[in-house]
Amino acid sequence: MSAFQVQHLFEPFNRLGRESSQAAGSGIGLVITKRLLELMGSELKFTTTEQHGSTFYFDLPLSPANVEAHDEPMHPVPQNDLNETRKVLYVEDNAANREIMAAILNLRPCIDLTLETTVRSALARLEAEAFDLVLLDMHLPDGTGLDILTWLSQHERLRDTAVVIVSADVTPATIALAAQAGAHTYLNKPLDLKHTLSVVDSLLHIT
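Everything in this summary refers to the structure shown in the same document. Please read these numbers as outputs of a predicted model, since none were measured by experiment. (Residues numbered from 1 in each chain as written. Predicted model: local features only at pLDDT ≥ 70, side-chain atom pairs only at ≥ 80, totals over all residues. Heavy atoms only, no water.)

### A word on the environment of Glu 38
Inference 1: With respect to the helices, strands and loops of the structure, Glu 38 is situated in helix 2 (residues 29-39).
Inference 2: Under the relative-accessibility criterion, Glu 38 is labelled partly exposed at 34%.
Inference 3: For the pair Glu 38 and Leu 193, spaced 155 residues apart in sequence, the C-alpha to C-alpha distance is 9.5 Å.
Inference 4: Of the polar contacts made by the side chain of Glu 38, one reaches the side chain of Lys 34; its length is 2.7 Å. (Helix = DSSP H or I, 4+ residues; strand = E, 2+ residues; numbered from the N terminus. Buried < 20%, exposed > 50% of the residue type's maximum accessible area, 1.4 Å probe, protein only. Polar contact = N/O pair within 3.5 Å; in protein donor to acceptor, adjacent residues only side chain to side chain.)

Rendered as C-alpha cells:
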C-alpha cells in the first residue's frame, strides 16, 4: 500500500482505489475487524511494503493457566428463557456500527434484531411492530435519537418501551437531554462488550 492508502486504511467504505476493479467488497471488513478486536482487548496491526504486499496480524490474550476448559466462558449465554424471543430495534445509519452491534447481540440467541437507519423508517417500524428494547444513535440523517424518544413518550402504547442511547456524543448536556427525554441509559461508542451485554440483559430480563 502507498502512504496515502495507509492513511485512509480504516475509513468505512473506502476501498482505496479498488472500487473500479472487478474485486468484490464494500470497504467495511477491516473497520469491523478492527472494532471487534478492540472490544476483545486487542488491536489490528499491519506491516506493508508498497508494490509487494501487506500483512495484518493481532494478538489475543490466553486464558489464565488455572482456567479449565469446562469453566464458564467470558460472556456466558444465559440459560433461562432461551426460547422466549426478545425483539430489539437498533436505529443506526453507520454500517460498521450496525455490524458491531449485530455481532454483540448475536451472543444472545433469544434476541431478534431489527435494523433501521433513519428517524422516519424507525417511527414507521415502531408503529407496525412491538419491541422489547430500542437502541438509538443520537445523530441520524433526518433527525436525532431525541426525536424518536419524544415521539415514544407521546405514544400511549409505546411510552413504556425501554430505550438506550448508543452514541459517541458523550457531552454531559447531551446525556442529560437523553435522560430527561426518557432514555434508560447511555452506551458510549466505541462499545464495551461486557457492559453492553450487561445493559441489554438487564433491560430484557435475561439472566
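### Some details on the sheet that holds strand 3 (residues 86-91)
Inference 1: Read across the open sheet, the five strands follow the order 4-3-5-8-9; overall the sheet is parallel. With one partner strand each, in any of the chains shown, strand 4 (111-116) and strand 9 (185-188) form the two edges of the open sheet. Looking at each pair of strands side by side, their axes are set apart by 20° on average, direction ignored.
Inference 2: Bridging between strand 8 (residues 162-167) and strand 9 involves four bridges; their strand directions are parallel. The residue of strand 9 that forms the bridge with Ser 167 is Asn 188. (Pairing = 2+ DSSP bridges. Axes fitted to C-alpha atoms, helices over the stretch in contact; angles between N-to-C directions.)

### Observations concerning the environment of Leu 37
Inference 1: By the element assignment, Leu 37 lies in helix 2.
Inference 2: As for Leu 37 and Phe 58, which are separated by 21 residues in sequence, their C-alpha atoms are 8.1 Å apart.
Inference 3: With residues near it in sequence (within four places) discarded, Leu 37 still touches Ser 42, Glu 43, Leu 44, Phe 58 and Leu 60. (Contact = heavy atoms within 4.5 Å.)

### Concerning the pairing of strand 2 (residues 53-57)
Inference 1: Direction of pairing for strand 1 (residues 45-49) relative to strand 2: antiparallel, over a ladder of five bridges. What sits directly across from Thr 49, in strand 2, is Gly 53.

### What to know about the nonpolar core
Inference 1: Grouped together as the largest cluster of nonpolar side chains are 22 residues, with contacts concentrated most on Ile 111, Leu 133, Leu 135 and Val 166.
Inference 2: At the level of secondary structure, the elements contributing two or more residues to this core comprise strand 3, helix 3 (95-105), strand 5 (133-136), strand 8 and helix 7 (193-203).
Inference 3: For Leu 135, the contacting residues outside a window of four places in its chain are Val 88, Leu 89, Tyr 90, Val 91, Met 101, Leu 105, Val 164 and Val 166.
Inference 4: Core analysis: the second largest hydrophobic core is formed by 20 residues, Ile 148, Leu 158, Ile 165 and Ala 178 among them. (Core = buried A, V, L, I, M, F, W, Y, C linked by side-chain atoms within 4.5 Å.)

### Structural notes on unusual backbone geometry
Inference 1: Residues Lys 189 and Pro 190 are joined by a peptide bond in cis, for which omega reads 0°.
Inference 2: Relative to the assigned elements, Pro 190 resides in the loop between strand 9 and helix 7.
Inference 3: Although it is not a glycine, Gln 51 adopts a positive phi angle of roughly 75°.
Inference 4: Along the chain, Gln 51 turns up in the loop between strand 1 and strand 2.

### Describing the environment of Met 101
Inference 1: Turning to its location among the elements, Met 101 is positioned in helix 3.
Inference 2: Residues Met 101 and Val 166 lie 65 residues apart in sequence; the distance between their C-alpha atoms is 9.9 Å.
Inference 3: Setting aside residues no more than four positions away along its own chain, Met 101 makes contact with Tyr 90, Leu 135, Val 166, Leu 191 and Thr 196.

### A look at the packing of helix 3 against helix 7
Inference 1: The interhelical angle for the contact between helix 3 and helix 7, taken along N-to-C directions, is 65°, at an axis separation of 10 Å. As summarised for this structure, helix 3 and helix 7 are arranged roughly perpendicular, according to the angle between their axes. Seen from above, helix 3 lies across helix 7 with right-handed handedness. On the side of helix 3, the interface is formed by Met 101, Ile 104 and Leu 105, while helix 7 contributes Leu 193, Thr 196, Leu 197 and Val 200.
Inference 2: Residue composition of the contact of helix 3 with helix 7, by class: six nonpolar, one polar and no charged. (Parallel < 35°, antiparallel > 145°, perpendicular 65-115°, else oblique. Left-handed = near helix turned anticlockwise from the far one by under 90°. Nonpolar A, V, L, I, M, F, W, Y, C, P; charged D, E, K, R; others polar.)

### A short note on the pairing of strand 8
Inference 1: In terms of residue burial, strand 8 counts as a mostly covered element, since six of its six residues are buried.
Inference 2: Residues of strand 8 alternate between two faces, with Ala 162, Val 164 and Val 166 on one and Val 163, Ile 165 and Ser 167 on the opposite face, all of them buried.
Inference 3: Direction of pairing for strand 5 relative to strand 8: parallel, over a ladder of four bridges. Along strand 8, the bridge assignment pairs Leu 133 with Ala 162.

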